[in-house]
Amino acid sequence: MTIPQLTDYTEASLDKAFSELNIEADRALNSVTADNETLRLEWLGRKQGRLKTISDLWLKAAPPEAKRLIGPRFNALKEKIEVELERRNSSLPGIRQANIHAGNIVESQIDVTLPGSAQRIGAEHPLIKTMAEIVGVFQRMGYSVGLGPEVENDFNNFESLNFPPNHPARDTQDTLVLAGQEQKPLRERLLMRTHTSPVQIRTMLEQAPPLRIVIPGKVHRNEAADATHSPVFHQVEGLCVDTNITFSDLKGTLDHAMKAFFGSAVKTRFFPSFFPFTEPSADVQISCIFCGGKGCRKCKHSGWIELLGCGMVDPAVFEAVNARRIELGREPVYDTSRISGFAFGMGVDRIAMMKYGISDIGLLYSGDMRFLEQFA
Ligand code: FA5
């Protein structure tokens, strides 16, 4: 590019002349193949550089009033070239220059010699992962997922589930209640749900049978933390209501679910237990997943590990749901002469601890990255 003489010093023609120079400079500076020293000499060289020629031909030769217009344009162009050369020099150290001299020129806008900026990939929390896996087992059996709020009313959490006011059964679930509600009737008072079972009630108030729902969620109890207890923990609950649902359906469903989750070699056994909202009730044990049932430290040498509570839905629960449905102007469709159901509930935290060999439940809530990164 030869630098023409300037004949017209109006702003418009100066802008045009400098704009052409800017385009030319951009093209040269963005060139992948040009090396930095050649560019520097071509544009900034003291004797024959283009800026030197422009300074002589345009700036110095201009009448004084035109110099004021040319000066800033010239300086802006010069600064741009200097900055861009500086950037090319600093981002393309020795190796690139060596490559250029050796003729192995690669795309030079990217400095392949810098260490990579690794993207940190997030990982599912072991609790969420375990909960999703359990839910998945039941979804594959045709269950749909039901969710409910962590702040619940006394009716859904206790009364409808056959825990009458002041009944000692309530003491088994040390409850955190919300303050300042003494004016309200007991059943409307709010508390932090102590289990996921109130979602059984919420679902039956909304939907008619048949029902098959699996309910994952966070629950709260006023309990001191230790290695196996946390005041906040997670449960997965299940409810199946239909005609002709029997205890064998419950056993078959849970046996299949445990095999699907822990492996087909796992055996289950059922022991009589008590929950106010199921009758009969049972605790389910699985054969120890660590020793295969022979007996080890993990299963306290019994060969079995207790895992969940379950039972046939107590007809008193269906009656409570029907009564509430009537209050809400809905049909009392849970006819205990025609339908029956089973329910089950398990603590996710302890299952995750067993699965991953975690000795302290508190680690699941610590937010300690050294612990969590092990699951990435
Ligand atoms: C219940 O909460 C019943 N709602 C379960 C149920 C549902 C039974 C449907 C029958 C039918 P329970 O209070 O036992 O039951 O708690 C269930 C599980 O939660 C326990 O087996 C245990 O694994 C877990 N759990 C209870 N308290 C804590 C705690 N503080 N920290 C961690 N896990 C806990």
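Placed above this text is the structure.
**Topic: the pattern of salt bridges**
Side chains carrying opposite charge are able to pair once their charged atoms draw close together.
Point 1. One pass over the full model with this rule turns up 23 salt bridges.
Point 2. A salt bridge links Glu42 to Arg50, with the nearest nitrogen and oxygen atoms 3.1 Å apart.
Point 3. The partly exposed category is assigned to Glu42, whose relative accessible area is 30%.
Point 4. Taking the shortest distance from any N to any O, the salt bridge between Arg212 and Asp242 comes out at 3.6 Å.

**With respect to the side chain of Asn36**
Point 1. Of note, Asn36 is situated in helix H2 (residues 36-44).
Point 2. For Asn36, the side chain forms a polar contact with the side chain of Arg88, separated by 2.9 Å.

**Thoughts on the side chain of Thr203**
Point 1. Mapped onto the elements of the fold, Thr203 is located in helix H8 (residues 198-206).
Point 2. Since its relative accessible area comes to 8%, Thr203 is described here as buried.
Point 3. The contact partners of Thr203, leaving out residues within four places of it in the chain, are Leu211 and Ile213.

**Description of the packing of aromatic side chains**
Point 1. Counted according to the given criterion, the structure contains twelve aromatic pairs.
Point 2. The interplanar angle of 80 degrees and the centroid separation of 5.2 Å between the aromatic rings of Phe18 and Trp58 together place this pair among those described as edge-to-face. With Phe18 in helix H1 (residues 11-29) and Trp58 in helix H3 (residues 50-60), the pair connects residues that are 40 residues apart, well separated along the chain. Trp58 shares its class with Phe18; the two are buried.
Point 3. When the centroid spacing of 5.9 Å and the interplanar angle of 35 degrees are considered together, the rings of Phe275 and Phe277 count as tilted.
Point 4. The partly exposed category is assigned to Phe275, whose relative accessible area is 24%.
Point 5. The class of Phe277 is buried, set by a relative accessible area of 10%.
Point 6. Taking NZ or CZ as reference, Arg50 lies 4.8 Å from the ring centre of Trp43, over its face.
Point 7. Above the ring of Phe155, the side-chain terminus of Arg324 is found at 5.8 Å from the ring centroid.

**Concerning the environment of Arg297**
Point 1. On the secondary structure map, Arg297 appears in the loop between strand S7 (278-287) and strand S8 (304-313).
Point 2. Distance in space between the C-alpha atoms of Arg297 and Lys355 is 15 Å, their sequence separation being 58 residues.

**Details of the site of the ligand**
Point 1. Around the ligand sit 23 residues in total, of which His195, Ser197, Arg221, Glu223 and Gln235 are the nearest.
Point 2. Gln235 is positioned with one of its side-chain polar atoms (N or O) 3.0 Å from an oxygen atom of the ligand.
Point 3. Its free accessible area being 680 Å², the ligand has 87% of it covered by the protein chains.
Point 4. Put simply, the parts of the chain that give the shell around the ligand at least two residues each are strand S5 (232-243), S8 and strand S9 (339-347).
Point 5. If one sorts the elements of the shell around the ligand by residue count, S9 sits on top with four residues.

**Things to note about the nonpolar core**
Point 1. Residues Phe138, Leu254, Met258, Phe262, Cys310, Phe344 and Met346 are the most contacted members of the largest nonpolar core, which totals 44 residues.
Point 2. Taken together, the elements giving at least two residues each to this core come down to helix H6 (126-139), S5, helix H9 (247-262), S7, S8, S9 and helix H11 (348-356).
Point 3. Met346 has contacts with Ile134, Phe138, His234, Gln235, Val236, Met258, Leu307, Leu308 and Ile351, leaving out every residue within four places of it along the chain.
Point 4. Judged by nonpolar contacts, the second largest core, of 23 residues, contains Leu211, Ile213, Ile215 and Val313.

**So, the sheet that holds strand S6 (residues 268-275)**
Point 1. Taking strand neighbours across the sheet as the criterion, the seven strands line up as S1-S4-S5-S9-S8-S7-S6 in an open arrangement whose pairing is mixed. Each edge of the sheet is formed by a strand with only one pairing partner; in this case those strands are strand S1 (144-145) and S6.
Point 2. Contacts from H6 reach S1, strand S4 (211-220), S5 and S9 within the one sheet, and its direction differs from that of S5 by about 5 degrees.

**Comments concerning the packing of H6 against H11**
Point 1. Where H6 contacts H11, the axes come no closer than 9 Å and their chain directions differ by 105 degrees. Judged by the angle between their axes, H6 and H11 are roughly perpendicular. Along its contact with H6, which presents Pro126, Leu127, Lys129, Thr130, Met131, Glu133 and Ile134, the element H11 presents Val348, Asp349, Ile351, Ala352, Lys355 and Tyr356.

**Digging into the packing of H8 against helix H10 (residues 315-327)**
Point 1. Axis separation between H8 and H10 bottoms out at 10 Å; the angle between their running directions is 50 degrees. In terms of their interaxial angle, H8 and H10 are classed as oblique. Crossing of H8 over H10 shows right-handed handedness. Side by side, H8 and H10 meet where Ile201, Met204, Leu205 and Glu206 of the first sit next to Val317, Phe318, Val321, Arg324 and Arg325 of the second.
Point 2. Among the residues forming the contact of H8 with H10, the class breakdown is six nonpolar, no polar and three charged.

**A short note on H8**
Point 1. Of all the nine residues making up H8, seven are buried; the element is thus mostly covered by neighbouring parts of the structure.
Point 2. Listed in full, the buried residues belonging to H8 are Pro198, Val199, Gln200, Ile201, Thr203, Met204 and Leu205.
Point 3. Against the buried residues of H8 lie strand S2 (151-153), helix H7 (154-157), S4, S5, H10 and S9.

What counts, and at which threshold
- Residues numbered from 1 in each chain as written.
- Predicted model: local features only at pLDDT ≥ 70, side-chain atom pairs only at ≥ 80, totals over all residues.
- Heavy atoms only, no water.
- Salt bridge = Lys/Arg side-chain N within 4 Å of Asp/Glu carboxyl O.
- Buried < 20%, exposed > 50% of the residue type's maximum accessible area, 1.4 Å probe, protein only.
- Helix = DSSP H or I, 4+ residues; strand = E, 2+ residues; numbered from the N terminus.
- Polar contact = N/O pair within 3.5 Å; in protein donor to acceptor, adjacent residues only side chain to side chain.
- Contact = heavy atoms within 4.5 Å.
- Phe/Tyr/Trp six-rings, centres within 6.5 Å; stacked < 30°, edge-to-face > 60°.
- Lys NZ or Arg CZ within 6 Å of the ring centre and 35° of its normal.
- Near = heavy atom within 4 Å.
- Areas by Shrake-Rupley, 256 points an atom, 1.4 Å probe, with all protein chains shown as cover.
- Core = buried A, V, L, I, M, F, W, Y, C linked by side-chain atoms within 4.5 Å.
- Pairing = 2+ DSSP bridges.
- Axes fitted to C-alpha atoms, helices over the stretch in contact; angles between N-to-C directions.
- Parallel < 35°, antiparallel > 145°, perpendicular 65-115°, else oblique.
- Left-handed = near helix turned anticlockwise from the far one by under 90°.
- Nonpolar A, V, L, I, M, F, W, Y, C, P; charged D, E, K, R; others polar.

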